[in-house]
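# Breakdown of the fold
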Amino acid sequence: MKKIYSCVAVLTTILLIAVSYSFVSPRKIVSKNFSVFTKIQEPSGICILTNSECAVVSDQGVLYKTDYKGKIISKAKQEGTDFEDVCMADGKLFVSDESTRSVFVYDTATLTLQKIIPLHNSSGRNEGYESITYNSDDGNFILVSEKDPLELDVYDQNFQLIQMAYVNGVGDISSACYFNHKLFLLSDEDHCVLQLNAKTFSEENRISIAVNNPEGLAMTTDNSFLIVSDRMQKLFSFQFTQP
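Residues numbered from 1 in each chain as written. Predicted model: local features only at pLDDT ≥ 70, side-chain atom pairs only at ≥ 80, totals over all residues. Heavy atoms only, no water.

### Examining the overall build of the protein chain
Put simply, the rule reads: Only runs of H or I of at least four residues qualify as helices and only runs of E of at least two qualify as strands under DSSP, and these elements are numbered from the N terminus. Here's how the labels work: a residue is buried when its accessible area is under 20% of the maximum for its type, exposed when over 50%, partly exposed in between, all with a 1.4 Å probe on protein chains only. Each accessible area is a Shrake-Rupley result for a 1.4 Å probe, and residues are judged covered by the shown protein chains and nothing else.
When helices and strands are counted, the protein chain shows 0 helices and 22 strands. Counting across all 243 residues of the protein chain, residues that qualify as buried make up 55%. For the protein chain, the accessible area works out to roughly 10,700 Å², and carbon and sulfur atoms hold 50% of it.

### Quick look at the sheet that holds strand β16 (residues 175–179)
Defined as follows: Note on pairing: DSSP must find at least two bridges between two strands before they are called paired. Note on definitions: angles span 0 to 180 degrees between N-to-C directions of axes, and those axes are lines fitted to C-alpha atoms, for helices only across the stretch in contact.
Judged by pairing direction, the sheet is antiparallel, and its 4 strands sit side by side in the order β16-β17-β18-β19 without closing on themselves. Edge positions in the sheet fall to β16 and β19 (203–208), since each of these pairs with one other strand and no more. Strand-to-strand twist across the sheet, computed as the mean angle between neighbouring axes with direction ignored, equals 20 degrees. Both strand β18 (residues 192–197) and β19 contribute to a ladder of 5 bridges, which runs antiparallel. Bridged to L196 within β19 is E203.

### Here we look at unusual backbone geometry
Note on backbone geometry: most residues besides glycine have negative phi, and most peptide bonds are trans. With an omega dihedral of 0 degrees, the bond running from D148 to P149 counts as a cis peptide bond. If you trace the backbone, P149 turns up in the loop between β13 (140–145) and β14 (151–155). Mapping D148 onto the fold places it in the loop between β13 and β14. Residue classification places D148 among the exposed positions, given a relative accessible area of 70%.

### A short note on the pattern of salt bridges
Selection criterion: Any Lys or Arg side-chain nitrogen found within 4 Å of a carboxyl oxygen on Asp or Glu counts as a salt bridge.
According to the stated counting rule, one finds 4 salt bridges in the structure shown. Salt-bridge contacts for K75 lead to E79; the nearest nitrogen and oxygen are separated by 4.0 Å. E79 sits in the partly exposed class, given a relative accessible area of 43%.

### With respect to the environment of Q41
Which entries qualify depends on this criterion: What makes two residues a contact is simply this: any of their non-hydrogen atoms within 4.5 Å. Polar contacts here mean pairs of N or O atoms no more than 3.5 Å apart (in protein, one a potential hydrogen donor and the other a potential acceptor; neighbouring residues in sequence count only if both atoms are side-chain atoms).
By the secondary structure assignment, Q41 is in the loop between β3 (31–37) and β4 (43–48). On the basis of relative accessibility, which here comes to 44%, the residue Q41 falls in the partly exposed class. Once the C-alpha coordinates of Q41 and R231 are considered, the two residues, 190 residues apart in sequence, prove to be 8.8 Å apart. Discounting residues that sit within four places of it in the chain, Q41 has contacts with S58, Q60 and Q233. Within polar-contact distance, the side chain of Q41 engages the side chain of Q60 at 3.1 Å.

### Details of the environment of L185
Residue placement: L185 occurs in strand β17 (residues 182–187). A residue is classified by how much of its surface remains accessible, and L185, at 0% relative accessible area, is buried. Spatially, the C-alpha atoms of L185 and D172 are 9.6 Å apart, while their sequence positions differ by 13 residues. Those residues in contact with L185 that lie beyond four places of it in its chain are V144, L152, I173, S175, A176, C192, V193, L194, L196 and L217.

### A short note on the pairing of β4
Among the 6 residues that make up β4, 5 are buried, leaving the element largely enclosed by the rest of the structure. Sheet topology places β4 next to strand β5 (residues 53–58); 5 bridges connect them, and they run antiparallel. Within β5, the residue paired with G45 across the bridge is V57. Between β4 and β5, which pair antiparallel one after the other, the connecting turn spans 4 residues.

### Let's talk about the pairing of β19
Burial analysis of β19 places 5 of its 6 residues in the buried class, which makes it a mostly covered element. In this antiparallel pair of consecutive strands, β18 and β19, the connection spans 5 residues, and F201 shows a positive phi of 65 degrees.

### So, the packing of aromatic side chains
As a reminder of what qualifies: Any two rings among Phe, Tyr and Trp, with Trp reduced to its six-membered ring, count as a pair given centres within 6.5 Å; such a pair is stacked if its planes are under 30 degrees apart, edge-to-face if over 60, and tilted if neither.
Under the criterion given, the structure shown has 10 aromatic pairs. Consider the rings of Y134 and F141, whose centres lie 5.0 Å apart with planes at 50 degrees: the pair is tilted. With respect to class, Y134 is no different from F141; both count as buried. The interplanar angle of 10 degrees and the centroid separation of 6.3 Å between the aromatic rings of F236 and F238 together place this pair among those described as stacked. On the basis of relative accessibility, which here comes to 3%, the residue F236 falls in the buried class.

Now the structure itself:
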């Protein structure tokens, strides 16, 4: 049995959750739609903007707007240090900067930087949050550190920490995506996508992927995975059938 232990480490009400679940055998994604090179160096995160556009961030601290084939449409002028992941909420883009342990907030239409939100993550340099996604059902943000420990933190809309969880069963997490009432986590080391219950964070499915160094994960309305590879500088699309 694998376990996820959750707790809250804030000065407000403490919430304790302990969830046990049975291991779910990996299930292969049956079809790859395409893979393309992108001019974005070290792409590390991706999210869907419209039915034809994405936001992509790079390890070099740059935010881009692209099409679904990775072609650059525009680029933000204001840069960060080490952008790792990106999500959209309420017409804004929220970008996790791992080195500075902060969230950069951009206007989605213009890619203009609006503010920078510092997060009180006690990890060392380059050990901050690797992933960020937005739970559109409860209005909270989910941020995940890469490893050692593999920590999943839930923040409210004011970026106050309200819940912490520790996830076992994979070597690392490189990206997060909330889609269709489920939380999806991408693992670089284990070459898989975990599907979790968004409330309990229990594992419901595990899908293996044939991508070298997968860093960013998004899902389209037709149940396709979009995955960016840092080392390969490529964007992949896989068809996924929701169980």
